[in-house]
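Residues per chain are reported as follows:
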Amino acid sequence: MIVTNLVLTAALAVLGLASALPPKIGTTNIGEGVSGSLGGGRATFKQTRNPRYRFNGARAVYRTYLKYGVPVPEDIIKAVKYTDALHAAQVERDTGSAAAVPIDDVDIAYVTPVTIGTPPQTLQLDFDTGSSDLWVFSSHTPASQVRGQEIYSPNKSSTAKLLEGHTWSITYGDGSASRGNVYVDNFTVGGLSVAQQAVQTAQQVSSSFTSETNIDGLLGLGFSTLNTVSPKSQLTFFDNAKASLDSPVFTVDLKAQAAGTYDFGFIDKAKYTGEITYVPVNTNPGYWTFTSSGYAVGSGSFSSQSITGIADTGTSLVYLPTAIVTAYYRQVSGATNSRNYGGYVFPCSSALPTFTFGVGDARFTIPSSYISYSPIAPGSSTCFGGLQSSSGLGINIWGDVALKAAFVVFNGANPPTIGWAKK
Ligand SMILES: Cc1noc(C)c1CN(C)Cc1cc2n(n1)CCN(c1cc(N)ncn1)C2
């Protein structure tokens, strides 16, 4: 096939020459991705690479044959199909990133904007790694139970579909609860979309949710085994999105009295320092359960011991074994475990030590200011601790007071792991 190659070589040479000739002076139409200046008989053009462009050599050769009216050989056609398929497989996968904003001045919870349906309805949801239901205040929630929350109205969404006969009911650790029925609809978080996400519409919410005017619902990021929809449980947003993500992960970067982020599908190196320490996750019964390697109070020595607990963005405080918590508050003058106030309280003027916990060989220190959680009532000089005993819960919980001291990677690979880094 000498002829083809000779013609092809000549054609490519002409093509090659053509792209070296400078553009006509005085032309002002600067092409896509090229910036530069004209006039005065001299021009410089800065080429910018299109990050999404994938050069396809076979297709360039194919175009040259077409350009010179030369019949395209079968092997070139096959090569174009093969490289197109390769490029399709490398198609840019998906990622998402959205803000996590504290709802009050003690970081009791954080909300993240999401859009549901067509046209999109925007709600602020509490992303919760400690549960696996995605539920929202809705047009089905009695008006007496809605106090300023944004609601999702499925009848205003052209893409909403009722899941006939499906219901849900959930109760959280503090006794707050909600229940209702189920739709599927388009759902987007920070540019990441899932087409048919199960959206659980509330027909009833407990008074503590009604009073929480800044939370329009929850988005569960626990394992889907915890989902309460019956008769067929539903997948979480993360489980639905996972296959299309660059990487099967989401990261949590919560901040004290500032907006942090939930990222999906990628790990942003700008959000942490040093290395990420990964440890195994036990997915039974469905929480992100991991084992911490120990703790230290203030500048005291580190006590190496296994502390198994859950990483829970939906819980405000840290709940640990009584022995650890009493060791901490022994260092706080005037601290008592108050039945009246439901936990350890202390004079707001007392000096508080820091609290350090281990993940593998890494150490994470919770600043004292996070543990001086809040006055027990506005203006009170008695403060409630951000570290409390887990004895009544039957489970240790690393809630927002701990999570905001770190950058945390929830790795949904198989097997799942959890990674902690300083920031
Ligand atoms: C309490 C509380 N926590 O955050 C907020 C907000 C409140 C108070 N607020 C008045 C009402 C309320 C109660 C709950 N929430 N909101 C959020 C979900 N809750 C969880 C999640 C989870 N993983 N683990 C335990 N509870 C309980």
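Reading the values: rules and limits
- Residues numbered from 1 in each chain as written.
- Predicted model: local features only at pLDDT ≥ 70, side-chain atom pairs only at ≥ 80, totals over all residues.
- Heavy atoms only, no water.
- Helix = DSSP H or I, 4+ residues; strand = E, 2+ residues; numbered from the N terminus.
- Contact = heavy atoms within 4.5 Å.
- 1 Å grid on protein atoms, 1.4 Å probe; cavity = no way out; pocket = protein on both sides within 12 Å on 5 of 7 lines; lining within 4 Å.
- Points joined across faces, edges and corners; volume = space filled by probe spheres on them.
- Nonpolar A, V, L, I, M, F, W, Y, C, P; charged D, E, K, R; others polar.
- Salt bridge = Lys/Arg side-chain N within 4 Å of Asp/Glu carboxyl O.
- Buried < 20%, exposed > 50% of the residue type's maximum accessible area, 1.4 Å probe, protein only.
- Disulfide = S-S within 2.5 Å.
- Pairing = 2+ DSSP bridges.
- Axes fitted to C-alpha atoms, helices over the stretch in contact; angles between N-to-C directions.
- Near = heavy atom within 4 Å.
- Polar contact = N/O pair within 3.5 Å; in protein donor to acceptor, adjacent residues only side chain to side chain.
- Areas by Shrake-Rupley, 256 points an atom, 1.4 Å probe, with all protein chains shown as cover.
- Sits in = over half its atoms within 2 Å of the grid points.
- Arc of directions from axis to C-beta.
- Core = buried A, V, L, I, M, F, W, Y, C linked by side-chain atoms within 4.5 Å.

Engineer: How should I be thinking about the environment of F223 in this particular structure?
Structural biologist: Here F223 is to be found in the loop between β10 (217–220) and α5 (237–241). Considering only alpha carbons, one finds F223 and G314, 91 residues apart in sequence, at a separation of 14 Å. Apart from the residues within four sequence positions on either side, F223 is in contact with S132, V281, T283, G286, Y287, W288 and P416.

Engineer: Please explain the layout of surface pockets as it appears in this structure.
Structural biologist: In this approach the atoms are scanned with a rolling probe the size of a water molecule, which exposes any empty space left behind. Estimated volume of the largest pocket: approximately 910 Å³. When the residues that make up the lining of the largest pocket are grouped by side-chain class, the tally is 15 nonpolar, eleven polar and six charged.

Engineer: Explain the pattern of salt bridges here, please?
Structural biologist: Proximity of charged atoms lets side chains of opposite charge pair with each other. On inspection of all chains with the given rule, the structure shows seven salt bridges. We note a salt bridge from D263 to K271, for which the minimum N-O separation is 2.6 Å. For D263, a relative accessible area of 0% translates into the label buried. K271 is the partner of D268 in a salt bridge, and the nearest nitrogen-oxygen pair spans 3.9 Å. Beyond isolated ion pairs, a larger network of salt bridges with shared partners links D253, K255 and K423.

Engineer: When you look at the state of the cysteines in this model, what are you seeing that I'm missing?
Structural biologist: Linking two cysteines covalently via their sulfur atoms produces the bond known as a disulfide. Tallying each qualifying case throughout the model produces one disulfide. For C348, the disulfide goes to C383, at an S-S distance of 2.1 Å. Measuring the twist about the S-S bond at about 105°, one finds the C348-C383 disulfide to be right-handed. Here C348, found in the loop between β18 (343–347) and β19 (355–359), pairs with C383, found in strand β22 (residues 382–385); they are 35 residues apart in sequence, far enough to count as distant. When its relative accessible area of 29% is taken as the criterion, C348 is described as partly exposed.

Engineer: Sorry, what's going on with the sheet that holds β22 here?
Structural biologist: The strands making up a sheet associate through backbone hydrogen bonding, with each pair oriented either parallel or antiparallel. Taken together, the four strands give an open sheet; going across it, the order is β17-β18-β22-β21, and neighbouring strands pair in antiparallel fashion. Since the sheet does not close on itself, it has two edges, and those belong to β17 (336–338) and β21 (372–375), each with one partner. Each adjacent strand pair in this sheet contributes to an overall mean axis angle of 45°, direction not counted.

Engineer: Quick question: what am I supposed to make of the site of the ligand here?
Structural biologist: Around the ligand sit 18 residues, and of these D128, D174, E212, D312 and T315 come closest. Between a nitrogen atom of the ligand and a side-chain N or O atom of D312, the distance comes to 2.9 Å. Side-chain polar atom of T315 to a nitrogen atom of the ligand: 3.0 Å apart, as the coordinates give it. A total of 520 Å² of accessible area belongs to the ligand in isolation, and the protein chains cover 85% of it. Applying the majority rule of atoms within 2 Å of the grid points places the ligand in the largest pocket. Of all the elements in the fold, those that place two or more residues in the shell around the ligand are β5 (121–128) and α4 (207–211).

Engineer: I tried to follow helix α2 (residues 57–67) on my own but got confused; where do I start?
Structural biologist: Side chains of residues three or four places apart in an α-helix project in the same direction, reflecting 3.6 residues per turn. Taken residue by residue, α2 has A58, A60, V61, T64 and Y65 as its buried positions. Down the axis of α2, the buried set is contained in an arc of 160°. They therefore lie on one face. Structurally, the start of α2 carries an N-cap: the backbone nitrogen of A58 is 3.3 Å from a side-chain oxygen of N56. Taken from the residues just after α2, G69 is the one with a positive phi, measuring 65°.

Engineer: Looking at this structure, I do not really get the nonpolar core. What am I missing?
Structural biologist: Note that soluble globular proteins tend to have their nonpolar side chains buried in a common cluster. By size, the foremost hydrophobic cluster in this structure holds 74 residues, and its most contacted members are F187, F264, F355, I366 and W420. Sort the elements by how many residues they give to this core and helix α6 (residues 322–329) lands first, with five residues. The next biggest cluster of nonpolar side chains, apart from the first, holds 16 residues, and it includes W168, I170, A198 and A202.

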